[in-house]
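Coordinate inspection notes
Letter by letter, the chains look like this.
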Protein chains: 2
Amino acid sequence: MKQMPSRYRARFINSLSGFKSANLIATQDNQGNTNVAIFSSIVHLGASPALVGFIMRPDTGQRHTLDNIIETQTYTINQVSEAFYQQAHQTSARYSIDDSEFDMTGLECGYIDNVPFVKQSNLKYVVKLKEIMPIPLNNTQMVIGEITDVLCEESVIEKDGYIDIEALQTVTISGLDSYHSSQRLSRLSYAKPDIPLHEIESSK
Amino acid sequence: MKQMPSRYRARFINSLSGFKSANLIATQDNQGNTNVAIFSSIVHLGASPALVGFIMRPDTGQRHTLDNIIETQTYTINQVSEAFYQQAHQTSARYSIDDSEFDMTGLECGYIDNVPFVKQSNLKYVVKLKEIMPIPLNNTQMVIGEITDVLCEESVIEKDGYIDIEALQTVTISGLDSYHSSQRLSRLSYAKPDIPLHEIESSK
């Protein structure tokens, strides 16, 4: 691996972790200038309190996202779906600080409690900043926030609380740039020793 | 959200982050007793050095995984594919410390440099522990390691370094228990302002 050219290596190593989440983080500064950027590193940290994290790299155009989060302490996370995954990818271009990616990509900006979100997104939520944890090993940071409000149509929520994000046509990412739709194999029951698994039927 | 019953809330919040990676982490203790457990929180941290993280929860049967990693400092991460996703899910049952999940689930154990891996997995790699970062907000930990060796058939590696994990039938997880195969929409070119995106063709 050490002999791989840098871009080759980035694509190779990025493929190893498996499929990743595709989300847009929408923010604004104190003057109301909006920003939206795609992230594939959103990770569930816990349900109670409802915590979600993502990785901030030092060397990307996504720096405006973190500046805004530090300034306003709030942001929204917006799942990316098939209908606008190309616009979502385009947010990764290095636009000037004066240009909102909303204007540049055709994504539409809405507001909840004065926090911007992506109107096209079928599942989005408001997050309040809790902590920024430095990762000195590679000069990245994990940004951790608490989920306070969720916007999602009720028809895709199963009776047991599971949200059918496939029905929302949420996409998934592999590597740096490959986008995929999904096809459910099954939901599996809670695993116990000596008891065979069974499939969980839909109960929407 | 505060009024949601605990299990309902867990399923609901776990659905919000989007699609997740499906990986088995294989470990052993100093006596050679093996363990394998499924994780959906593997996250790419950086390509140079090649760092990968995952979240350890305090309240699960996965504790043996962390004990072994601390003891031996090494582990393998094994992508889960369609052919064995049910066996992979079954590893989350709370087996006794004396039972190896390999024996209990029918997953086959191989070794590379004396570190166990899952033979059924089409893409797996050896990881050396670098750091365990506590997340006091919810008493979890992020375990960070460096990738040292990758086992993968060369035919699925594109000329630019991207690994076609869809061709390996790697699965993705939504929520706590839903498994999905994938269908590529496209690979998209590196985004630049004012230049339209194009699709990247396969070059295997």
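**Overview of the interface of chain B and chain A**
- Contact residues are listed per partner, giving 90 residues for chain B and 90 residues for chain A.
- Summed over both sides, the interface of chain B with chain A buries roughly 7700 Å², with 63% coming from carbon and sulfur.
- The interface formed by chain B and chain A holds four salt bridges in total.
- In this structure, A:R11 engages B:D160 in a salt bridge whose closest nitrogen and oxygen atoms are separated by 3.7 Å.
- Put simply, chain B and chain A have 48 residue pairs in polar contact (both at pLDDT 80 or more) between them.
- For the side of chain B that touches chain A, the residue count by class is 42 nonpolar, 30 polar and 18 charged.

**Observations regarding the sheet that holds strand β5 (residues 50–56) of chain A**
Residue and element names in this part refer to chain A.
- With respect to topology, seven strands assemble into an open sheet ordered β3-β2-β6-β9-β10-β5-β4, the strand pairing being antiparallel. The strands lining the two open edges of the sheet, one partner per strand, are β3 (34–39) and β4 (43–47). Taken pair by pair, the neighbouring strands of this sheet meet at an average axis angle of 30 degrees, ignoring direction.
- Judged from the six bridges that link them, strand β2 (residues 23–28) and β3 form a sheet pairing that is antiparallel.

**Some remarks on helix α2 (residues 63–72) of chain B**
All names here are of chain B.
- Of the residues making up α2, those classed as buried are H64, T65, L66, N68 and I69.
- Packed against the buried residues of α2 are β2 (23–28), β3 (34–39), β5 (50–56), β6 (74–79), β9 (123–135) and β10 (140–152).
- Immediately beyond the C-terminal end of α2, within one or two residues, lies Q73, with a positive phi of roughly 70 degrees.

**Some words on the nonpolar core**
- Residues A:F54, A:Y75 and A:I163 are the most contacted members of the largest nonpolar core, which totals 30 residues.
- Going through the elements one at a time, β3, β5, α2 (63–72), β6 (74–79), β9 (123–135) and β10 (140–152) of chain A together with α1 (6–16) of chain B are the ones with two or more residues in this core.
- In contact with A:I163, other than residues within four places in its own chain, are A:L123, A:C152, A:V156, A:I157, A:L168, B:F12, B:S15 and B:L16.
- Membership of the second largest hydrophobic core comes to 29 residues, among which are B:I77, B:V127, B:L129 and B:V156.

**Focus on the pairing of β9(B)**
Residue and element names in this part refer to chain B.
- Summarising the sheet, β6 and β9 pair through five bridges and their orientation is antiparallel. When the bridges of β9 are listed, T76 appears paired with V126.
- Bridging between β9 and β10 involves twelve bridges; their strand directions are antiparallel. Residue pairing across strands places M133 opposite M142, the latter belonging to β10.
- Between β9 and β10, which pair antiparallel one after the other, the connecting turn spans four residues, and N139 there sits at a positive phi close to 60 degrees.

Procedures and definitions
Once a new chain begins, its residue numbering starts again from 1 and follows that chain's sequence as written. Chains carry letters and ligands carry numbers; both start at the beginning, A for chains and 1 for ligands, and go up in the order they are written. Local features in a predicted model are, by the rule used here, given only for residues with pLDDT of at least 70; side-chain atom pairs are given and counted only at 80 or more, and totals for whole chains, interfaces and linings are based on all residues. Calculation of side-chain values draws on the structure's entire complement of heavy atoms; hydrogens and water are dropped beforehand. The contact criterion used is simple: two residues touch if any of their non-hydrogen atoms lie within 4.5 Å. Defined here as a combined quantity, buried area equals the accessible surface (1.4 Å probe) lost by two parts on assembly, summed across both. Any Lys or Arg side-chain nitrogen found within 4 Å of a carboxyl oxygen on Asp or Glu counts as a salt bridge. Contacts described as polar in this section are N or O atom pairs within 3.5 Å, which, within protein, must combine one atom able to donate a hydrogen with one able to accept it, while residues neighboring in sequence count only if both atoms come from side chains. Following the grouping adopted for this structure description, the nonpolar residues are Ala, Val, Leu, Ile, Met, Phe, Trp, Tyr, Cys and Pro, the charged ones are Asp, Glu, Lys and Arg, and the polar ones are all others, Gly among them. Only strands that DSSP links by at least two bridges are regarded as paired with each other. We count a stretch as a helix when DSSP gives it H or I for four or more residues in a row; a strand needs E for two or more, and each element gets its number in order from the N terminus. Fitted lines through C-alpha atoms serve as axes, helices being fitted only where they are in contact, and the angles separating the N-to-C directions of these axes extend from 0 to 180 degrees. Burial classes follow relative accessibility: with a 1.4 Å probe on protein chains only, a residue under 20% of its type's maximum area counts as buried, one over 50% as exposed, and anything between as partly exposed. Take the buried Ala, Val, Leu, Ile, Met, Phe, Trp, Tyr and Cys residues and link them wherever side-chain atoms come within 4.5 Å; each set so joined is a nonpolar core.

So far we have only geometry, and geometry alone does not tell us how the molecule works.
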